[in-house]
Amino acid sequence: MKKKTISKIVLIAIIVLTVVLYFAIPSFNATMNNFVSKLGSLNLESVIELIRGYGAYAAVVSFFLMILQSILSPIPALLITLSNAAVFGWWKGALLSFWSSMVGAALCFYIARTLGRDVVEKITTKTGLAKVDEFFERYGKNSILICRLLPFVSFDIVSYAAGLTPIKFWDFFIATGLGQLPATIVYSYLGNLAGSTKTIFISIVCVVALSALVYMIGKIYNDKKKANKSN
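Residues numbered from 1 in each chain as written. Predicted model: local features only at pLDDT ≥ 70, side-chain atom pairs only at ≥ 80, totals over all residues. Heavy atoms only, no water.

- As recorded by an unreviewed UniProt entry, the chain carries the name TVP38/TMEM64 family membrane protein and is attributed to Fenollaria massiliensis.
- The UniProt entry for the chain carries the following comment under Subcellular location (unreviewed entry): "Cell membrane".
- Regarding the chain, the relevant UniProt record gives this comment under Sequence similarities (unreviewed entry): "Belongs to the TVP38/TMEM64 family." (UniProt positions renumbered as here; feature names shortened; annotations may be inferred.)

### Notes on the overall build of the chain
Here's step 1: For the chain, the count of helices and strands is twelve helices and zero strands.
Here's step 2: Each of the 231 residues in the chain was classed as buried or not, and the buried ones make up 42%.
Here's step 3: Counting only contacts in the chain whose residues sit at least 6 apart along the sequence, the fraction spanning at least 24 positions is 72%.
Here's step 4: Summed over its atoms, the accessible surface of the chain is roughly 13000 Å², and 69% of this surface lies on carbon and sulfur atoms. (Helix = DSSP H or I, 4+ residues; strand = E, 2+ residues; numbered from the N terminus. Buried < 20%, exposed > 50% of the residue type's maximum accessible area, 1.4 Å probe, protein only. Contact = heavy atoms within 4.5 Å. Areas by Shrake-Rupley, 256 points an atom, 1.4 Å probe, with all protein chains shown as cover.)

### Quick look at the packing of aromatic side chains
Here's step 1: Inspection of every chain in the model, using the stated rule, returns ten aromatic pairs.
Here's step 2: Plain terms: the ring middles of F35 and F64 are 5.9 Å apart, the flat faces sit at 50° to each other, and that makes the pair tilted. In this pair, F35 is assigned in helix α2 (residues 26-40) and F64 in helix α4 (residues 58-71), connecting sequence segments 29 residues apart.
Here's step 3: With a relative accessible area of 34%, F64 lands in the partly exposed category. (Phe/Tyr/Trp six-rings, centres within 6.5 Å; stacked < 30°, edge-to-face > 60°.)

### Thoughts on the UniProt feature "transmembrane region" (unreviewed entry) in the chain
Here's step 1: Residues given the UniProt feature "transmembrane region" (unreviewed entry) here are residues 54-82, 94-112, 143-162 and 200-221.
Here's step 2: End-to-end, the C-alpha atoms of residues 94-112 are 27 Å apart, and along that stretch the chain is 100% helix and 0% strand.

As structure tokens, this is what we get:
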């Protein structure tokens, strides 16, 4: 039996098991609904309260929430990153957010690589996936790093889209880490600024502006590279 076939069977088995648990166990059903509801509310205080409420298991719950939001694109990971910093402190929160988002990215990549585009389009959107496809067509292997540096490009859709390309997993994983680390550190530090909503908002705007600059520099570099090849 081929490796991809085995992977597909394992993945489908996990999905089926999760669905069975969701409908068969009321407490599991209620917990999952609560998680999705809190994340979907886009309320920072609610997410902080949710994570903090699990006490000694708060880090485990946060890790799971990051993976959950990765699969249920396009719920923003920013809420969890800011919440982790508020609950655990900026550097511990940053480590937790970074590694949980990396696992989430790997899982999205694995799902796309195993189940294909039809499934990915149902999880995400055709429009969102098409926009990310344009990045891959334009920047090739550099797309992962560039997209990770742009907060207005969905982290999860990029992971799914990468799984649909021939890119090797470790190239994807390393580029994701390099692109994700700066944003995680910045947002974690901001999340640690207790009650400073105005400061957080202004800083996020600055991060977006800097990211737009990175995007423009990447575009100029790529255009020049193409021009040199054509000459």
